[in-house]
Amino acid sequence: MRDISLIVRRVWKSAFMFTALSVLIVSATQAQDVVEGRKLFKDNCNSCHQLDRNSTGPALTAKLNELDEAFAIKWIRNWKSLVDAGDKQAIEASKFSAAEMTTFPRLTDDQIKNIIAYAKAGEPKKEGEKAATEGASEGVSNFSLAGVAAIILISILVLVVLGRAVKMLERLILQKQGVVLAEEDNVSFGAGIKGLFKNKKFVFFFILCLIVTLGSFGWMGMWNTGVHTGYQPVQPIKFSHELHAGTNQIDCQYCHAGAFKSKNSTIPSLNVCMNCHKSVQATEKYDGEISPEIQKIYTALGYDPATMTYDHSKEKPVEWVRVHNLPDFAYFNHSQHVVVGEEAIRKEKGLKPNEPVCFACHGPVDTMDEIYQYSPLTMKWCINCHKDAKLETKGNAFYDKIIEAHEKIKKGEKITPAALGGLECGKCHY
């Protein structure tokens, strides 16, 4: 009987360690986030793929259930490299449609796994869609948190059962040894819980679970601090990028001219809007009345459409709400990326020839009715791009000057800060 007791104690300790480790593993490693996968699918895949039927691409739920996940991740990230490498499965898959699939080198493995998890799970029921959409902005997987809670509850249940089993075996051993034991009274639920918390091992395990759970919430909260992916504020004028950049095919730099020649992309003045909206008033959609949103432009400029005159005393600026906002200590130059680094960014992000380089960071703006932050804009996100993008130095005047300066250094010739861009205004005047 003593051997049985020892075995039970060892089992109890093993179960304790197993449950504690399970909590740590589940807390540290989130399950694939179906909600985040749904958002990524809508942003990147929805134009060509449906879950339950063939479209430009195959029905994804059935196809991804057939494919090996490791292959699917490589295919989604850059199917062209697989085809170029002679992968038979990739070559066969590329024959489905004449239309070329967009590559997604910017997506991480976890993001692609989230898309696969969503595609396999399918679209949630309509009554749950609102909750799912709201949950996507929280940045924390409800499924993961439910998993942590389930593990903790199961662990407590296992410990209670094993504790009762050990106590019962101990009583049997003492009875075999001739020790007279008093009969146990029926203990109330409250007294049982109180007695449970007198058990040092249980108290230790409970505190450990509490620390891990609170630590997980804290860690996930800190990890997402300052990350505003999906941020979509209400603007004073409902300007539709989908209508202007998508339907009307207006070039980005027509409004955001600064992006190609300065640090900031600049917000266009209302005079730029008036180039078109002095005559375009959308009256056909409002029973002959001027569109309320276009009227807001006129009001801000003090413009009277009847007399086509301006009253400058009535002018007032439109208070746009900033969407993309980097920390003050982060320096980002638009022209450096959209002019000097355009080719490298295009190849790295897999942009099509007709897509502006702006899409690399701002996403498919031509499909956004109201603009929102598409990319996380975190330090890690920027560094990953800088590590993977291949610079095209040939014929690029910026890099020609750098190479020329290095050649002078090799020859021991005099090299000045001016030769390395030391006369640029932004070097001193930030």
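Above this note sits the structure.
Residues numbered from 1 in each chain as written. Predicted model: local features only at pLDDT ≥ 70, side-chain atom pairs only at ≥ 80, totals over all residues. Heavy atoms only, no water.

Novice: Quick rundown of the overall build of the chain? Include the residues and the values.
Specialist: A tally of helices and strands in the chain yields 19 helices and two strands. Burial statistics for the chain: of 430 residues in total, 29% are counted as buried. The long-range fraction of contacts in the chain, counting pairs at least 24 apart against all pairs at least 6 apart in sequence, stands at 65%. Summing over all exposed atoms, the chain offers an accessible surface of approximately 28500 Å²; the carbon and sulfur share of this is 59%. (Helix = DSSP H or I, 4+ residues; strand = E, 2+ residues; numbered from the N terminus. Buried < 20%, exposed > 50% of the residue type's maximum accessible area, 1.4 Å probe, protein only. Contact = heavy atoms within 4.5 Å. Areas by Shrake-Rupley, 256 points an atom, 1.4 Å probe, with all protein chains shown as cover.)

Novice: Describe helix H10 (residues 200-223), naming the residues involved and giving the relevant values.
Specialist: Between the first and last C-alpha of H10 there are 34 Å, a value that for 24 residues agrees with the 34 Å anticipated at 1.5 Å per step. For H10, the set of buried residues is Phe-202, Phe-205, Cys-209, Val-212, Thr-213, Ser-216 and Met-220. (Expected span 1.5 Å × (residues − 1).)

Novice: Can you tell me about the side chain of Gln-281, naming the residues and giving the values?
Specialist: Here Gln-281 lies in the loop between helix H13 (270-277) and helix H14 (292-301). By relative accessible area, which is 19% here, Gln-281 ends up buried. The residues contacting Gln-281, other than those within four sequence positions of it, are Ile-290, Ser-291, Ile-294, Tyr-298 and Pro-305.

Novice: Could you give an account of the packing of aromatic side chains, with specific residues and numbers?
Specialist: Taken as a whole and assessed by the stated rule, the structure comprises six aromatic pairs. Consider the rings of Trp-219 and Trp-223, whose centres lie 5.8 Å apart with planes at 25°: the pair is stacked. One end of the pair, Trp-219, and the other, Trp-223, are both in helix H10, four residues apart, so they sit about a helical turn from each other. Residue classification places Trp-219 among the exposed positions, given a relative accessible area of 54%. (Phe/Tyr/Trp six-rings, centres within 6.5 Å; stacked < 30°, edge-to-face > 60°.)

Novice: If you had to explain the pattern of salt bridges to someone new, which residues and values would you point to?
Specialist: On inspection of all chains with the given rule, the structure shows six salt bridges. The salt bridge partner of Glu-92 is Lys-95, with a shortest N-O separation of 3.8 Å. A relative accessible area of 53% means that Glu-92 is categorised as exposed. Residue Lys-95 is classed as exposed on the basis of its relative accessible area of 60%. Ionic pairing is found between Glu-293 and Lys-296, a salt bridge with its closest N-O pair at 3.2 Å. Residue Glu-293 and its partner Lys-296 are located together in helix H14, separated by three residues, close to a single helical turn. A relative accessible area of 34% places Lys-296 in the partly exposed class. (Salt bridge = Lys/Arg side-chain N within 4 Å of Asp/Glu carboxyl O.)

Novice: Give a detailed account of the packing of helix H4 (residues 69-84) against helix H6 (residues 109-121), specifying residues and quantitative values.
Specialist: It is at 10 Å that the axes of H4 and H6 come closest, and there the two elements cross at 110°. Classified by the angle their axes make, H4 and H6 are roughly perpendicular. Judged by residue contacts, Glu-69, Ala-72, Ile-73, Ile-76 and Arg-77 of H4 engage Asp-109, Ile-112, Lys-113 and Ile-116 from H6. For the contact of H4 with H6, the residue count by class is five nonpolar, no polar and four charged. (Axes fitted to C-alpha atoms, helices over the stretch in contact; angles between N-to-C directions. Parallel < 35°, antiparallel > 145°, perpendicular 65-115°, else oblique. Nonpolar A, V, L, I, M, F, W, Y, C, P; charged D, E, K, R; others polar.)

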